[in-house]
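# Fold and geometry: a report
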Protein chains: 2
Amino acid sequence: MDLHSLFNPTGVAIIGSASEGKLGYVLTHQIVSAGYQGPLFLVNPKGKGALSVPGYRSVAEIGAEVDLAVVASPAPTVPDVLEDCSRAGVKVAVVITAGFSEVGNIEGEEALKEVARRYDIRVVGPNCAGFFNNRLGLHATLEIRPPVGEVALVSQSGALGGAVLAWAEEQGLGFSKFVSYGNRADVGEVDLLAYLAEDPETKVVALYIESVADGRAFLKAVHDFTRRKPLVVIKAGRGQAGRRAALSHTGSMAGTDAVYDAALRQAGALRVETVEEMFDLCKGLVHLPPVKGRRVAIVTNSGGPGVLAADRAETVGLEVAEPSDALKERLSAFLPPYCSLRNPFDLTVEGTEDGYRETLKAVLEEYDAALALDVCPPYLDSAPHARGVCDAAEATGKPVVANFMAGRTVEKALPVLRERSVPDFPTGERAVTVLARLAEYEERKARWRPLPEVPREQRRLPGEEPLLEPEAMAWLRENGIPTLDFRFAATGEEAVEAARDLGYPVVMKVVSPHILHKSDVGGVALNVADDQQALKVFVALQRVAADLDFRGVVVYPMVRGMQEVILGLSRDPQFGPVVLFGLGGIYTEVLHDVALRIAPIDRLEAEEMIREIRAYPLLTGVRGRPACDLETLADVLVRFSRLPFLYPEVAEVDLNPVFISAGGVWVGDVRVIRNKVAGSKGAQGQEAGNREPKKQGG
Amino acid sequence: MDLHSLFNPTGVAIIGSASEGKLGYVLTHQIVSAGYQGPLFLVNPKGKGALSVPGYRSVAEIGAEVDLAVVASPAPTVPDVLEDCSRAGVKVAVVITAGFSEVGNIEGEEALKEVARRYDIRVVGPNCAGFFNNRLGLHATLEIRPPVGEVALVSQSGALGGAVLAWAEEQGLGFSKFVSYGNRADVGEVDLLAYLAEDPETKVVALYIESVADGRAFLKAVHDFTRRKPLVVIKAGRGQAGRRAALSHTGSMAGTDAVYDAALRQAGALRVETVEEMFDLCKGLVHLPPVKGRRVAIVTNSGGPGVLAADRAETVGLEVAEPSDALKERLSAFLPPYCSLRNPFDLTVEGTEDGYRETLKAVLEEYDAALALDVCPPYLDSAPHARGVCDAAEATGKPVVANFMAGRTVEKALPVLRERSVPDFPTGERAVTVLARLAEYEERKARWRPLPEVPREQRRLPGEEPLLEPEAMAWLRENGIPTLDFRFAATGEEAVEAARDLGYPVVMKVVSPHILHKSDVGGVALNVADDQQALKVFVALQRVAADLDFRGVVVYPMVRGMQEVILGLSRDPQFGPVVLFGLGGIYTEVLHDVALRIAPIDRLEAEEMIREIRAYPLLTGVRGRPACDLETLADVLVRFSRLPFLYPEVAEVDLNPVFISAGGVWVGDVRVIRNKVAGSKGAQGQEAGNREPKKQGG
């Protein structure tokens, strides 16, 4: 599929009333005023034209090639309009008309889709704010036309898209293309990303979404896209109220925000929270060369703002490193003695054009990027400083961001910076934040690799009923996931034999398909010390499951003093299987210190998950403990993340606790929840196996 | 002391050259251009005047009353100038002249201070950017004159102050007064806050600091100030590089940022990180009525931006609560059926002046504050919407913030909002952040109470040498801090008796003035089970301290399964004694999950500290555990925080672990570090007592 006809049509028909003030007329006016030169036609029942654009009663009547229709006729007419379009060879229709699913008219939207499918016509919308190809002046939207530039804006919300466009000039950002896809009856974010990845006029895409049509397809589309170009994403609905509103607003189901966040990160997108951050980041991405490291130099003529920028730079993960002795020497050769040779480099209020140029040129040999900060007193002219900054940026080819403050004292400097493509930001804090995000983009791009393959082989879980603990443990082992040694024992004698075999002390747990929370019913005995106690415990556990289909006990060696982690699998309604890693217990339940990914994951992703949790130092040997075997842990995470694909019946799995030491990794308990319908995406299922609110070892 | 003569002088002398372009001339020009009407004189060796301002050779020569001097003569002349000023009755001198301690001229600054002291003249500066009283046009600074308003700006950095002033008009904020105090030879933040708290022209103070002269005096000044007016603070030097620069920039010592953060919070200040946040917050504080709760309604004409604002509102601690049924009913009586009756309230693009007015009036009966969000398409006029919003704000008297987007589509709306004092912000996210900070200010103000009294009584620690563990434990008990039961035993027999007395199993630790880290040298035995083992352990511990002045052992009951916390005391170079609370172990060392306060604290502050840590739920009975005795814990924290005042010899104290359960609080181990010089502020001292890297109980 190709959206070429959307952005570069041979002929365009606007379907709607030609009377002044009506939507058809206004759209025509927008396109004509923007200087669009291609063939343009108006279509309405009266065959009326406007603004030198000829009118026709139908698209078929036009007689010239028309491959794009912009539809603004009343909702009930839209299916017929599409049929007419299709007959006349239209390939893409942008349906601006509202009154479909967003107001509960589901049938109307289904009818539209049905016609589109039948006649093989691509539809953008309905209920959208239109689109533009800015370079051509094909401005098929009521929104304000921004300057031409290299950012494409794709917005699920027409109003938000409009606000961004209206703000563009003030923010100093130009746009190449814009699409608002409204109800997403057909064309959505996935198609548009695929197209824009290839579009030579687009360097960066800014995407606003509230939900996606298909999580997996979205993940793949973003991942493909970010290999080539940066993608800045605003995803609304982070909180409770926002999600509530997003649901009522789009009528589509949103996955939980944490899952979106994981997906966007895995796919290499740069998520931002506000429209302001989006503008800042796009400005940086359009104007700066790649930021190839995190060492940043701050060159300023004022201490205070330099300090504030340095504070923020460290907060966002940049390194405000000190200069080498060689660099200090080089700087001291030309800088006056009152200048600071430390980072931030303070030229003081005496800073000059030469000072900025030469200092920046020198530091950029050692640093990856620089912030040029200029606080211009009203009695000085800051334009020469701006020239010095631009000279250095051009001479070194390194990324330089600017913050020239403030108001009318820098009126002459800002045009210099803009003209010469050194992005200026309202504060140094915002400028360094952009550098950090650009560094992040380069890091992710350098690590880009194909998404892990989803296993094609499909297997069946053992049995039909809930998995018993020994079955589930065996199943993990079959799949390469190490567990504690264990024995199943159906009788007291077998239990004693098992315990002797494993070596005392042992842990004994009841096995019953009807007991989920064994600790709660006294179904777990820790620290069983000898034969006599083992026999006694067996009888006690038998009593616990007296009327609950007692099958026997499972016996483990007693584990003490090892670090415990948890691994989890579940299915997200949008993205399908997701995998979770954390330290379990209060780290997960109270501190919410977990890492989440869309499954399956590869080895590198598993390593990132492990490093991502705040409590990571606990695994690397803090407080005199030896480092845990993180190699094996990463392998286990990878294998674990493949289970829901190999076993479509799996709805959820908890491995909790998983013991980890310098010597290896061992699952200590498991709970598997089976889908009611094998392979179904929903997570409704029977609970099987067991779950321990208390940990196994003391 | 009164800074009345600074801001409202009877006569003003400018000391400096009257030649065009020179500092004295430019300052005169600034004041004359600003329309200052009071008596003004120029003083320089030639007695030359300028711009209709008469010239004199000395202040004494003027012959009229002069109580303020603005000094811009060369650094070496300043002491003589001050002497002349003082003889002529000048009360305050603003020394703009640079070239003192900031360039290493310590003697010059001392000479200046000495003259000022001798002649009882108050000095602002030297090396400052001047000051203004905006209403009078007394603009004694080279910086840009902002609109007149109700914010006073006090800035340690002249350049940053200048940048704020230059940006003010664009940001829509007016200023009443400005002072840059440069090297703070005399007048500083404490004096200025005291004056501005009483200044009827100032509603809000914005303060930029890199360091303070005296932490305790600052804490008190801010605390006194915030009882009456809000204080917005930017404190630079949060990170490593920033602090490095702040040090070199001001030549003064900065306390650690976490201590500043605690002090500002305790004193009720609103800390912000950027100049943009400062503007936003000041705008809100100047224009809005008090925000008396956290329930916020978002009224919008566009879904997407409403969702983004709702997301942020929740992130910053506001409640985007759903409306009551009664409110829904009321709204449905006048809103068209396609409007959302949930929060965010979406009027859709059909939203009208009436819609905004009536919806806001209705929701503000139920909510504490509202955000009015308007995304104006280019074909509509947003000014009527702005009028509706302003009408509702005036009718209800409740806080309403606005976000009208964007660019030229809202050119007509913004003046309406500004005129009628409804603050507009560039994004809804920034607008709701302001509401949250204002709610925080009101909450703190409602809880305002005098700072806890510092104990006057001073006692001596036992002995002269490092405190032994049993001594330190006894000392804690004397001071009302409960400890585990313990016995000191000098012989094996005594040890057995002690253990029997306490009940087996017990913990035994070596007592020696030379062993600090007992666990490291095998000086701790856990789980001692019976008499025989106790005797054996005693001998072993004796061997551990064989050449280390072995005194005996201390015996405790063995504690198992209790929650552990830590309490700490240390002395900050700026603020003196600070108290720390955390969960100990990895929570403190790895997760840095601690609460910090300037000591002493009162009961309410202690309760806040306890609630502040992320792991707080662990203390309230998560995962089936009973809630801990937080009442006693708070009492202990209060008593603990008083120790460094009662015992000036105390440099540092660690209580780690402190055991806590539903039944009480017991210190399990203690380390006291004594100051070398009793009562000295520095923390250099001998280490005493003991410290356990490993916890006592299993």
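Residues numbered from 1 in each chain as written. Chains lettered and ligands numbered in written order. Predicted model: local features only at pLDDT ≥ 70, side-chain atom pairs only at ≥ 80, totals over all residues. Heavy atoms only, no water.

Now for the overall build of chain A. For chain A, the count of helices and strands is 23 helices and 28 strands. Considering only C-alpha atoms, chain A reaches an extent of 100 × 80 × 35 Å along its principal axes. Among the 698 residues that make up chain A, the fraction classed as buried is 60%. When the accessible area of chain A is evaluated, it comes to approximately 25900 Å², of which 50% is carbon and sulfur surface. In chain A, 76 positive and 93 negative side-chain charges are present, and the distance between their average locations comes to 1 Å. (Helix = DSSP H or I, 4+ residues; strand = E, 2+ residues; numbered from the N terminus. Buried < 20%, exposed > 50% of the residue type's maximum accessible area, 1.4 Å probe, protein only. Areas by Shrake-Rupley, 256 points an atom, 1.4 Å probe, with all protein chains shown as cover. Lys, Arg positive; Asp, Glu negative; His and termini not counted. Charge placed at Lys NZ, Arg CZ, Asp CG, Glu CD.)

Now for the interface of chain B and chain A. A common way to express how large an interface is: the accessible area buried when the components associate. Counting from both sides, the interface comprises 73 residues of chain B and, opposite them, 73 residues of chain A. Taken over both partners, the interface formed by chain B and chain A buries close to 5800 Å², and the fraction arising from carbon and sulfur atoms is 63%. At the surface where chain B touches chain A, the tally comes to six salt bridges. The shortest N-O distance in the salt bridge between E273 of chain A and R312 of chain B comes to 3.5 Å. For the pair chain B and chain A, the number of links is three residue pairs in polar contact (both at pLDDT 80 or more). Breaking the side of chain B that touches chain A down by element, the ones donating at least two residues are α6 (158-171), β12 (231-235), α9 (240-250), α11 (275-287), α12 (303-315), α17 (428-446) and α21 (585-589) of chain B. (Contact = heavy atoms within 4.5 Å. Buried area = accessible area lost by both parts, 1.4 Å probe. Salt bridge = Lys/Arg side-chain N within 4 Å of Asp/Glu carboxyl O. Polar contact = N/O pair within 3.5 Å; in protein donor to acceptor, adjacent residues only side chain to side chain.)

Turning to the sheet that holds strand β15 (residues 345-346) of chain B, a few remarks are in order. Residues and elements named next belong to chain B. The four strands lie next to each other as β15-β14-β16-β17, forming an open sheet whose pairing is parallel. Single-partner strands in this sheet number two, and they are β15 and β17 (400-405). Sheet analysis places strand β14 (residues 296-300) next to strand β16 (residues 369-375), joined by five bridges and oriented parallel. Bridge pairing in β16 places V296 opposite A369. (Pairing = 2+ DSSP bridges.)

On to the state of the cysteines, then. Residues and elements named next belong to chain B. Tallied over the full model, the rule gives zero disulfides over all chains. Unpaired in terms of disulfides, C390 finds its nearest cysteine sulfur in C376, a separation of 15 Å. Accessibility expressed as a relative area gives 0% for C390, which makes it buried. (Disulfide = S-S within 2.5 Å.)

With that settled, the discussion passes to the packing of helix α4 (residues 78-87) of chain A against helix α5 (residues 106-118) of chain A. All names here are of chain A. Where α4 contacts α5, the two axes come as close as 9 Å, and the packing angle between them is 10 degrees. Between α4 and α5, the angle is such that the two are roughly parallel. Contacts between α4 and α5 involve V78, P79, L82 and E83 from the first element and A111, L112 and V115 from the second. When its residues are assigned to classes, the contact of α4 with α5 shows six nonpolar, no polar and one charged. (Axes fitted to C-alpha atoms, helices over the stretch in contact; angles between N-to-C directions. Parallel < 35°, antiparallel > 145°, perpendicular 65-115°, else oblique. Nonpolar A, V, L, I, M, F, W, Y, C, P; charged D, E, K, R; others polar.)

Each strand in a sheet pairs with its neighbour through backbone hydrogen bonds, running either in the same direction (parallel) or in the opposite one (antiparallel). All names here are of chain B. Read from one edge of the open sheet, seven strands run β8-β7-β10-β9-β11-β12-β13, paired in mixed fashion. Where the open sheet ends on each side, the last strands, each with one partner, are β8 (138-140) and β13 (270-272). Sheet twist, expressed as the average angle between the axes of neighbouring strands with direction ignored, equals 20 degrees. As defined by bridge partners, strand β7 (residues 131-133) adjoins strand β10 (residues 175-180) across three bridges and the pair is classed as antiparallel.

It is worth spelling out the domain arrangement of chain A at this point. Structurally, chain A comprises domain 1 (4-236), domain 2 (291-446), domain 3 (485-557) and domain 4 (563-684). Centre-to-centre, using C-alpha coordinates, domain 2 of chain A lies 43 Å away from domain 4 of chain A. (Domains from an automatic or database assignment.)

All names here are of chain B. Enumeration according to the criterion identifies 20 aromatic pairs over all chains in this entry. Judged by centre distance (5.6 Å) and plane angle (80 degrees), the rings of W167 and F279 are edge-to-face. Taken together, the positions of W167 in helix α6 and F279 in helix α11 put the pair 112 residues apart, joining distant regions of the chain. Using a relative accessible area of 6% as the deciding quantity, one classes W167 as buried. F279 sits in the buried class, given a relative accessible area of 0%. Where F538 meets F550, the ring centres are 5.6 Å apart and the plane angle is 80 degrees; that geometry is what we call edge-to-face. A residue pair is termed long-range when its members are at least 10 positions apart, and F538 in helix α20 (residues 531-544) and F550 in the loop between α20 and β21 (552-557) qualify at 12 residues. (Phe/Tyr/Trp six-rings, centres within 6.5 Å; stacked < 30°, edge-to-face > 60°.)

Next up on the list: the environment of A627 of chain B. All names here are of chain B. Its place among the elements puts A627 in the loop between α22 (603-612) and α23 (630-646). Here A627 falls in the partly exposed class, since its relative accessible area comes to 40%. Sequence separation of A627 and G663 is 36 residues, and the distance between their C-alpha atoms is 9.4 Å. When residues no more than four places from it in sequence are discounted, the contact partners of A627 are L619, T620, G621, S661 and A662.

Here we come to the pattern of salt bridges. Counted according to the given criterion, the structure contains 105 salt bridges over all chains. The salt bridge partner of E366 of chain B is R295 of chain B, with a shortest N-O separation of 3.9 Å. Pair noted here: E366 of chain B is in the loop between α14 (353-363) and β16 and R295 of chain B is in the loop between α11 and β14, with a separation of 71 residues, a long-range link. Overall, R295 of chain B belongs to the partly exposed group, its relative accessible area being 23%. A salt bridge links E469 of chain B to K509 of chain B; the shortest N-O distance between them is 3.1 Å. Of the two residues, E469 of chain B sits in helix α18 (residues 469-478) while K509 of chain B sits in strand β19 (residues 506-511), which places them 40 residues apart along the sequence. Like K509 of chain B, E469 of chain B is buried. When salt bridges that share partners are traced, they join R265, R447, R449, R597, D602, E605, E608 and E612 of chain A into one network.

Looking now at the packing of helix α13 (residues 325-334) of chain A against helix α14 (residues 353-363) of chain A. Residue and element names in this part refer to chain A. Direction vectors running N to C along α13 and α14 enclose 165 degrees, while the axes themselves pass 10 Å from each other. Put simply, α13 runs roughly antiparallel to α14. The two elements α13 and α14 cross, and the hand of that crossing is right-handed. Each of L327, R330, L331 and F334 in α13 lies in contact with α14, whose residues at this interface are E358, T359, A362 and V363. The class makeup of the residues in the contact of α13 with α14 is five nonpolar, one polar and two charged. (Left-handed = near helix turned anticlockwise from the far one by under 90°.)

Further remarks concern the environment of W475 of chain B. Residue and element names in this part refer to chain B. Note that W475 resides in helix α18. For the pair formed by W475 and P455, sequence separation is 20 residues and the distance between their alpha carbons is 17 Å. Those residues within four positions of W475 in sequence are excluded, and the remaining contacts are L461, P462, L643, Y647, V650, V653 and V672.

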